[in-house]
Amino acid sequence: MNKPLDQLTKAELIALLGEQSQQLESKDRRIEDLEGILAKFQKMLFGQKRERFESSDQLSLPFETPAEQQQVLQEELTEKVEYIRKKSGSSHPGRTKLPEHLPVEEIELYPEGNLEEMTCIGKEITEELDYKPAQFIIRRYIRYKYVSKDQEGKSPISIAPLPSRLIDKSMVGTGLLASILTDKYVDHLPLYRQLQRFKREKIPIAASTLDGWVRQGLERLEILYDWLLKDTRSKGYLQADETTIRVLDTTKKKETHLGYYWCYHNPMDGSVLFDYQKGRGKDAPKKLLEGFKGYLQSDGYAVYGQYGKQDGVTHLCCWAHARREFFDAQQNDRAKAELALTFIKKLYEVEAHCREKNLSSEDRKAYRLDKALPVLDAFSNWLKENYVQVLPKSAIGKAMAYTMTRWEELTNYLMDGMLEIDNNAIENKIRPIGLGRKNYLFAGSHDAAQRAAMIYSFFAMCKIEDVNPQQWLKHVFDHIMDTNIQKIKELLPKNYKLSLEINQDK
């Protein structure tokens, strides 16, 4: 209204007073909101004390599974091995005859003992389809049968045993199966495309056969995966993140289910574990994080915050995510966003120096306290002074609030030189899943999604250790059925690489 107050009618005066009252109430609410945020912010230990990060009570980082857990794990895995070996001996309806045009590699196996006193009465032939790079081959096991010359027709037949088979009564060799799985989960080549390769070589392999090979091959890895799962829970430092995967669900018509791969990474020893869950709720990471003790690093997702509050857990947040919030806010308030990014850049310059000098964890912690802590103090003071000047719902306001409300978790990385400033390492581990989604689009079932989680875990570790995934997987397939449970961890990529280095030194 533009009229002078003395010219307003009674109704107009009442309306004006009501409007002004609403504006005052709105300002009061905003003041209350700001005061509440500031009160919470002041509890976040602004002006960090160096002593907080030098406390002798901070968490230790265990690297080995306790002896009692190893005993329980061994008993559980032993039962599973016995079940798988018993199951693999079931009857088989038959298989497709292998083509005659492929080259044949014959391996003759003779029974032990003095064969000069025995007579060969025949042979038993077992064939498997195997694969060498750029070449399919047939490996033909020829096992000669012998009986004693003195008691021919009465003595028992002697024949060499077949090597342990990964999939009993199957014609697929370990090299071929390792190649199929590597092509699918490393090079993201769907099975229907791999079938075209068999057709080009005039090898009659049905799609259902290929699916069965993949399923059974992945099932053989469950023993190693179970050990990895329980070992991961014992780590004193885990980075966690999740990503989506579309899954066919028989209960849903004409649509797929949106499931999640939850990934856990220990930066100190390079172990990686993917776990498939149908949802993203608080129960999804329960299998890994309930009862976990140590350092848990994640983005700002609330579910991680709940597990970060468990007794014995110190929660770390990711500075890369905080930086992303300010980067996106540049269009809203470039001056404040760029200044915040400058503070964060100085924190990363400290990290770069530690990497370049290859500092030990003790030296890294000391350098951070000398160089990063003053930057954090200045940044916190700047946030406290400038947050009251921005709109809470603006992009810059949200970026500042994201950092302020997670300040303690963002600064916890100063507690130990082994801790990382961000979660970038684990985000690199889940990137191949995004590439896979673009190629095979979805998993065939929830069980298939979990089997894929197993192989993603192992291939991620192969990448970390710079191990050829196809060669590693063939090695595992060749030995996993005969490996003692107590030595099952020797099949992990890290230990496989170590054994290769030892053999080369010899």
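Residues numbered from 1 in each chain as written. Predicted model: local features only at pLDDT ≥ 70, side-chain atom pairs only at ≥ 80, totals over all residues. Heavy atoms only, no water.

*Asks:* How should the overall build of the protein be read in this particular structure?
*Replies:* When you go through the protein residue by residue, the secondary structure sums to 18 helices and nine strands. For the protein, with 506 residues in total, the buried portion stands at 46%. Look at the contacts in the protein between residues 6 or more apart in sequence, and 69% of them connect residues 24 or more apart. Carbon and sulfur atoms make up 49% of the accessible area of the protein, which amounts to about 27,100 Å² in all. (Helix = DSSP H or I, 4+ residues; strand = E, 2+ residues; numbered from the N terminus. Buried < 20%, exposed > 50% of the residue type's maximum accessible area, 1.4 Å probe, protein only. Contact = heavy atoms within 4.5 Å. Areas by Shrake-Rupley, 256 points an atom, 1.4 Å probe, with all protein chains shown as cover.)

*Asks:* Can you walk me through the packing of helix α4 (residues 174–185) against helix α16 (residues 446–465) in this structure?
*Replies:* The geometry of α4 relative to α16 is characterised by a closest axis approach of 11 Å and an angle of 90° between their N-to-C directions. Classified by the interaxial angle, the pair formed by α4 and α16 is roughly perpendicular. Contact residues: Leu181, Thr182 and Tyr185 in α4; Ala452, Ile455, Tyr456 and Phe459 in α16. (Axes fitted to C-alpha atoms, helices over the stretch in contact; angles between N-to-C directions. Parallel < 35°, antiparallel > 145°, perpendicular 65-115°, else oblique.)

*Asks:* Teacher, can you tell me more about the side chain of Thr126 here?
*Replies:* Structurally, the position occupied by Thr126 is in strand β2 (residues 118–132). Setting aside residues no more than four positions away along its own chain, Thr126 makes contact with Arg139, Arg140, Tyr141, Arg143, Leu162 and Arg165.

*Asks:* Got a minute to help me understand the sheet that holds strand β9 (residues 313–316) in this structure?
*Replies:* Hydrogen bonding along the main chain pairs the strands of a sheet, whether they run parallel or antiparallel. Judged by pairing direction, the sheet is mixed, and its five strands sit side by side in the order β7-β6-β5-β8-β9 without closing on themselves. Only two strands of the sheet have a single partner each, and these edge strands are β7 (271–277) and β9. Between one strand and the next, the sheet's axes are offset by a mean angle of 25°, whatever the strand orientation. Sheet topology note: the strand β5 (residues 237–247)/strand β8 (residues 294–297) ladder contains three bridges and is parallel. (Pairing = 2+ DSSP bridges.)

*Asks:* Sorry, what's going on with the nonpolar core here?
*Replies:* Grouped together as the largest cluster of nonpolar side chains are 81 residues, with contacts concentrated most on Trp213, Tyr261, Phe274 and Trp472. No other element matches α16, which puts eleven residues into this core. Of all hydrophobic cores here, the second largest spans 40 residues; its members include Phe53, Leu316, Leu373 and Ile396. (Core = buried A, V, L, I, M, F, W, Y, C linked by side-chain atoms within 4.5 Å.)

*Asks:* Explanation requested: the pairing of β7 in the structure shown.
*Replies:* The side chains of a regular strand alternate, first on one face of the sheet and then on the other. Most of β7 sits out of view: six of its seven residues are buried. By the bridge criterion, seven bridges tie strand β6 (residues 257–266) to β7 in an arrangement that is antiparallel. Following the sheet pairing, Tyr261 is matched in β7 by Tyr276. Linking β6 to β7, which pair antiparallel, is a turn of four residues; within it Gly270 sits at a positive phi near 75°.

*Asks:* Whenever I open this one, helix α5 (residues 191–200) confuses me. Can you help?
*Replies:* Helical geometry note: an α-helix holds 3.6 residues per turn, so side chains three or four residues apart project in the same direction. Looking at α5, one finds that the buried residues are Leu191, Gln194, Leu195, Arg197 and Phe198. The arc enclosing the buried residues of α5, seen along the axis, measures out at 150°, which places them on a common side. Exposed residues on α5 whose side chains face more than 90 degrees from its buried face are Tyr192, Lys199 and Arg200. On the buried face of α5, the contacting elements are β2, β3 (135–148), α4 and α6 (207–220). Just downstream of α5, Lys202 is the residue with a positive phi angle, here 60°. (Arc of directions from axis to C-beta.)

*Asks:* I tried to follow the pattern of salt bridges on my own but got confused; where do I start?
*Replies:* Pairs may arise between side chains of opposite charge once their charged atoms sit close together. According to the stated counting rule, one finds 23 salt bridges in the structure shown. Between Lys97 and Glu100 there is a salt bridge whose closest N-O contact spans 4.0 Å. Using a relative accessible area of 66% as the deciding quantity, one classes Lys97 as exposed. With a closest N to O distance of 3.6 Å, Arg324 and Glu427 form a salt bridge. Of this pair, Arg324 sits in helix α10 (residues 319–328) while Glu427 is found in helix α15 (residues 424–440), placing the two residues 103 residues apart along the sequence. Judged by its relative accessible area of 38%, Arg324 is partly exposed. Note on Glu427: relative accessible area 17%, which makes it buried. (Salt bridge = Lys/Arg side-chain N within 4 Å of Asp/Glu carboxyl O.)

*Asks:* Help me understand the packing of α4 against helix α17 (residues 469–479) in this model?
*Replies:* For any two helices packed against each other, one specifies the crossing angle of their axes together with the interaxial distance. Where α4 contacts α17, the two axes come as close as 8 Å, and the packing angle between them is 135°. One way to sum up the angle between α4 and α17 is to call them oblique. The way α4 lies across α17 gives a crossing that is right-handed. Here Thr174, Gly175, Leu177, Ala178, Ser179, Leu181 and Thr182 of α4 come into contact with α17, specifically with Pro469, Gln470, Leu473, Lys474, Phe477 and Asp478. (Left-handed = near helix turned anticlockwise from the far one by under 90°.)

*Asks:* How do you make sense of the side chain of Ser298 when you look at a structure like this?
*Replies:* Residue position: Ser298 is located in the loop between β8 and α9 (302–308). Among the residues examined, Ser298 registers a relative accessible area of 0% and is labelled buried. Among the polar contacts listed, one links the side chain of Ser298 to the side chain of His315, at a separation of 2.9 Å. With residues up to four places along the chain from it excluded, the contact list for Ser298 reads Ala240, Tyr304, His315, Leu316, Cys317, Cys318 and Asn423. (Polar contact = N/O pair within 3.5 Å; in protein donor to acceptor, adjacent residues only side chain to side chain.)

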